[in-house]
Amino acid sequence: MFITFEGGDGSGKSTQITKLQNTLRKKGYDVLLTREPGGTLISEKIRQLILDKNNREMMPVAEALLYAAARAQLVSQVIRPALEEGRIVICDRFLDSSIAYQGFGRQLGDAVNVINGFAIDGCMPDLTIFLKLDPEAGRGRIGSREKDRIEMEPDAFHRRVAEGYRWLEEHYPERILAVDASGSIEKIAATIEKAVMERIHAL
Ligand code: ADP
Ligand code: TYD
């Protein structure tokens, strides 16, 4: 089973992923945790390149291709082999991030879907947990943490990203579960656990 987490910066993805991983391990499941962009030596190098705030001249198409390249490496080196071994894979961000940030945020549209189809070669999540939170609230949680190149984008960019996530939620209701991320950490964790266990049993 392949589970991905999505949501704006500060929506609580890392917090909830840690909780879900602990819950599943306690139940005896073999869980592999990874993240995007990153998760392999090569993908982490690509991550540094993409998020480096000195790379101001990076073109949107180059950015989209770099995310897709990092993803292609992660899928073939880590995610697909783990799924073939019957493990549960949890990934912090995946394809939907590219649709929201590059497709909507950078306004590259459907091209992002096309290059990512090539990158993931059919390796789609079974379940995507979308932590829904007002971008300002997310930024408030992050506080004074140093911002990467994407986080430094203006409000208009982040509003388009939020619109992208709304579009995804509307178009993939069977795969994407939107969870109100403004509640308490425990309440959100319980909602996620219930949805994941239901999906595991259904599979
Ligand atoms: P993300 O991985 O989506 O950027 P994090 O899990 O790192 O988000 O959370 C960002 C910050 O918000 C952390 O300091 C975390 O402790 C806090 N946080 C996470 N979930 C909640 C919540 N439900 N309510 C309040 N604060 C939260
Ligand atoms: P991440 O480290 O997950 O940021 P955070 O912990 O703040 O949520 O992701 C780094 C940034 O990369 C984040 O701002 C979102 C962006 N991103 C894209 O623009 N496209 C993508 O395909 C992915 C995976 C991430």
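Residue positions are given per chain, counting from 1 as you read along its sequence in written order. For naming, the first written chain is A and the first written ligand is 1, with later ones following in the order written. A pLDDT threshold of at least 70 governs which residues receive local features in this predicted model, and a stricter bar of 80 or more applies before side-chain atom pairs are shown or counted, although totals over entire chains, interfaces and linings include all residues. Note: side-chain values were computed over all heavy atoms of the structure, leaving out hydrogens and water.

A. Region of the structure containing the site of ligand 1. Proximity is defined per residue: if any heavy atom of the residue lies within 4 Å of a molecule or strand, that residue is considered near it. Taken together, Gly8, Gly10, Ser11, Gly12, Lys13, Ser14, Thr15, Arg141, Gly183, Ser184, Ile185 and Ile188 make up the full set of residues near ligand 1. Separating an oxygen atom of ligand 1 from a backbone N or O atom of Ser11 is a distance of 3.3 Å. Pairs of N or O atoms within 3.5 Å make up the polar contacts considered here, provided that, within protein, one atom can donate a hydrogen while the other can accept it, and that residues adjacent in sequence are counted only when both atoms are side-chain atoms. In the environment of ligand 1, an oxygen atom lies 2.8 Å from a nitrogen or oxygen atom belonging to the side chain of Lys13. Compared with its free state, where it exposes 560 Å², ligand 1 has 69% of that area covered by protein. Of all the elements in the fold, those that place two or more residues in the shell around ligand 1 are helix H1 (13–26) and helix H8 (185–202). A total of three residues in the shell around ligand 1 trace back to one element, the largest contributor, which is H1. Each residue gets one label: Ala, Val, Leu, Ile, Met, Phe, Trp, Tyr, Cys and Pro are nonpolar, Asp, Glu, Lys and Arg are charged, and the others, such as Gly, are polar. Residues that form the shell around ligand 1 fall into these classes: two nonpolar, eight polar and two charged. Every accessible area reported is derived by Shrake-Rupley at a probe size of 1.4 Å, with residue values counting cover from the shown protein chains alone. For the purposes of this entry, the term helix denotes a DSSP run of H or I that reaches at least four residues, the term strand denotes a run of E that reaches at least two, and both are numbered from the N terminus.

B. Local environment of the side chain of Glu151. With respect to the helices and strands, Glu151 occurs in the loop between helix H6 (135–142) and helix H7 (155–171). Contacts were defined at the residue level, with two residues in contact if any of their heavy atoms lie within 4.5 Å. Residue contacts for Glu151: discarding those within four places in its chain leaves Asp9, Ile142, Arg145, Glu146 and His158.

C. Local environment of the site of ligand 2. Around ligand 2 sit 17 residues, and of these Arg47, Tyr67, Ser98, Gln102 and Glu151 come closest. Between ligand 2 and Arg71, the relevant distance is 2.9 Å, taken from an oxygen atom to a side-chain nitrogen or oxygen of the residue. Within the side chain of Ser98, a nitrogen or oxygen atom sits 2.6 Å from an oxygen atom of ligand 2. Taken by itself ligand 2 offers 540 Å² of open surface, and the protein chains cover 94% of this.

D. Spatial organisation of the nonpolar core. Grouped together as the largest cluster of nonpolar side chains are 29 residues, with contacts concentrated most on Phe2, Ile79, Phe94, Tyr101 and Tyr165. Examining the composition of this core, we find that seven residues originate from one element, helix H3 (residues 60–84), more than from any other. With residues up to four places along the chain from it excluded, the contact list for Tyr165 reads Glu6, Gly7, Gly8, Arg93, Asp96, Ser97, Ala100, Tyr101 and Phe130. Put simply, a nonpolar core is a bunch of buried Ala, Val, Leu, Ile, Met, Phe, Trp, Tyr and Cys residues held in one set by side-chain atoms that sit within 4.5 Å of each other. A simple rule labels every residue: compare its accessible area, found with a 1.4 Å probe on the protein chains alone, to the largest value its type can have, and call it buried under 20%, exposed over 50%, or partly exposed in between. Grouped together as the second largest cluster of nonpolar side chains are 20 residues, Val31, Leu133, Ala181 and Ile188 included.

E. Spatial organisation of helix H2 (residues 41–51). Every buried residue belonging to H2 is among Ser43, Ile46, Arg47, Ile50 and Leu51, and all of these are buried. Burial along H2 is one-sided: seen end-on, the buried residues are contained in an arc of 120°. Exposed residues lying more than 90 degrees from the buried face of H2 are Leu41, Lys45 and Gln48. Think of it as the arc spanned by the lines of direction from the helix axis to the C-beta atoms.

F. Seen up close, the environment of Arg87. Along the chain, Arg87 falls in the loop between H3 and strand S3 (88–92). Considered as a pair, Arg87 and Asn113 are 26 residues apart in the sequence and their alpha carbons are 27 Å apart. Of the polar contacts made by the side chain of Arg87, one reaches the side chain of Asp30; its length is 3.1 Å.

G. Geometry of unusual backbone geometry. Cis peptide bonds are those with omega within 30 degrees of zero, and the linkage from Glu36 to Pro37 qualifies with -15°. By the secondary structure assignment, Pro37 is in the loop between strand S2 (31–35) and H2. The backbone of Gln107 shows a phi angle near 60°, a positive value even though the residue is not glycine. Following the sequence through the fold, Gln107 ends up in the loop between helix H4 (95–105) and helix H5 (111–120). Since its relative accessible area comes to 59%, Gln107 is described here as exposed. Phi is positive for Asp121, close to 45°, though the residue is something other than glycine.

H. Here's a closer look at the sheet that holds strand S1 (residues 2–7). At least two bridges found by DSSP between two strands are what make those strands a pair. Ordered in space as S2-S3-S1-S4-S5, the five strands form an open sheet in which the pairing is parallel. The two strands at the open ends of the sheet, each matched to only one other strand, are S2 and strand S5 (176–180). With strand direction ignored, the average angle separating the axes of adjacent strands in the sheet is 20°. When S1 meets strand S4 (residues 127–132), the two strands line up parallel, connected through five bridges. The residue bridging Phe5 from the neighbouring strand is Ile129, located in S4. Orientation is described by axes fitted as lines to C-alpha atoms, over the contacting stretch for helices, and by angles from 0 to 180 degrees between their N-to-C directions.

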